[in-house]
Amino acid sequence: RDNNSFLCFAGNGFICKGVDLVVESFLKNPTKKLHICGPSNEPAFWNEYGEKIKNAPNITYHGFIQPGEKVFNSLASKCSYVVFHSASEGCCTSVATAMRAGLVPIINKWTGILVDECIIELNEDGDLVENITTAVNQASQIPPSDYSSLVASVIKKSNLFSQESFSNSYGEALDIVERT
C-alpha cells in the first residue's frame, strides 16, 4: 500500500459526509493522492467541485462502486487510509466497510466509530480543512511497522461491523425487549 494514497468512500450526501472538506484539503496538498468513490447525484457538490476535481492531478473520482468488486479491491490494495469528516452523527457504514478491507480510518468523532486504538481522530478545533491536512500528513509518515500494527488492530476491530456481529447484537436487543 502507498502511504500517500487515501480513499474517501462515501454514499449519498457528500457535503453532509464532509467530502467537500476532504477535497479542499487535498487540493492544497498535491503530494497526497485522493480517490473518491460515491454517487454523482449531488448538484451542489458537483457544481462547486466537479471542475476542481477533474483538473486536480492528485484527485481521482471513481463513481459509485461496490465493495468486493474489482475497483474497490484495487483501491483497497493501494490506499493506506480511508479519510472521512462527517458533519452528522452515525455516518459510519462506508468507513466500516473500508476498515473490513484493512484501511486505517482518519475520521472525526461524528462518524460514530469508537475504536480509539486503531483510528486517527481528526481535530475538531480550528480550521477543519487544515486539520484534515495535518492528519493526512502525519499518517503518511507512520513507519511501516507501526502501520502494520494499526492495520492488524483495524481488521480485528472491524469484526464489530460484520453481519454476524449485527445479528448477535440485534438478537440480544430483541431478547431484552421480550424480557421487559
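Thresholds applied
- Residues numbered from 1 in each chain as written.
- Predicted model: local features only at pLDDT ≥ 70, side-chain atom pairs only at ≥ 80, totals over all residues.
- Heavy atoms only, no water.
- Helix = DSSP H or I, 4+ residues; strand = E, 2+ residues; numbered from the N terminus.
- Buried < 20%, exposed > 50% of the residue type's maximum accessible area, 1.4 Å probe, protein only.
- Areas by Shrake-Rupley, 256 points an atom, 1.4 Å probe, with all protein chains shown as cover.
- Axes fitted to C-alpha atoms, helices over the stretch in contact; angles between N-to-C directions.
- Left-handed = near helix turned anticlockwise from the far one by under 90°.
- Contact = heavy atoms within 4.5 Å.
- Nonpolar A, V, L, I, M, F, W, Y, C, P; charged D, E, K, R; others polar.
- Core = buried A, V, L, I, M, F, W, Y, C linked by side-chain atoms within 4.5 Å.
- Disulfide = S-S within 2.5 Å.
- Pairing = 2+ DSSP bridges.
- Right-handed = clockwise from strand over helix to strand, strands pointing away.
- Salt bridge = Lys/Arg side-chain N within 4 Å of Asp/Glu carboxyl O.

1. Let's talk about the overall build of the protein chain
Right, so step 1: When helices and strands are tallied, the protein chain shows seven helices and six strands.
Right, so step 2: The order of helices and strands in the protein chain, counted from the N terminus, is β-α-β-α-β-α-β-α-β-β-α-α-α.
Right, so step 3: Counting every position in the protein chain, which comprises 180 residues, the buried fraction comes to 46%.
Right, so step 4: In the structure as shown, the protein chain presents an accessible area of about 9300 Å², 52% of it carried by carbon and sulfur atoms.

2. What about the packing of helix α1 (residues 19-27) against helix α5 (residues 128-140)?
Right, so step 1: Between α1 and α5, the shortest axis-to-axis distance is 8 Å and the interhelical angle comes to 65 degrees. In the packing of α1 onto α5, the handedness of the crossing is right-handed. For the pair α1 and α5, the contacting residues are Leu21, Val22, Glu24, Ser25 and Phe26 in the first and Leu128, Val129, Ile132, Thr133 and Val136 in the second.
Right, so step 2: A breakdown of the residues in the contact of α1 with α5 according to their chemical character gives seven nonpolar, two polar and one charged.

3. A few points about the nonpolar core
Right, so step 1: In this structure, Phe6, Val23, Leu34, Ile36, Tyr81 and Ile106 are the most contacted members of the largest nonpolar core, which totals 49 residues.
Right, so step 2: With near-sequence residues (within four places) excluded, Leu34 lies in contact with Phe6, Leu7, Cys8, Val22, Val23, Phe26, Asn58, Ile59, Thr60 and Val83.

4. Focus: the state of the cysteines
Right, so step 1: What the rule picks out here adds up to zero disulfides.
Right, so step 2: Here Cys37 is not cross-linked by a disulfide; its sulfur's nearest cysteine counterpart is in Cys79, at 8.0 Å.

5. So, the pairing of strand β2 (residues 33-37)
Right, so step 1: Taking burial as the measure, the five residues of β2 include four buried ones, the bulk of the element.
Right, so step 2: Pairing geometry for strand β1 (residues 2-9) and β2, over five bridges, is parallel. Directly across from Ser5, in β2, lies its bridge partner Lys33.
Right, so step 3: With α1 bridging β1 and the parallel β2, this β-α-β connection has right-handed handedness.
Right, so step 4: Pairing of β2 with strand β3 (residues 59-61) involves three bridges; the strand directions are parallel. Along β3, the bridge assignment pairs His35 with Thr60.
Right, so step 5: The parallel pair β2 and β3 is bridged by helix α2 (residues 43-55), and the resulting crossover is right-handed.

6. A look at the pattern of salt bridges
Right, so step 1: Here the structure, examined in full by the defined rule, presents two salt bridges.
Right, so step 2: A salt bridge links Glu48 to Lys52, with the shortest nitrogen-to-oxygen separation between them at 2.9 Å. With a gap of four residues between them, Glu48 and Lys52 both fall in helix α2, about one helical turn apart.
Right, so step 3: What makes Lys52 partly exposed here is its relative accessible area of 34%.
Right, so step 4: Of the charged contacts in the structure, one is a salt bridge between Lys54 and Glu51, with a shortest N-O distance of 3.5 Å. Here Glu51 and Lys54 lie together in helix α2, a separation of three residues that amounts to about one turn.

So far we have only geometry, and geometry alone does not tell us how the molecule works.
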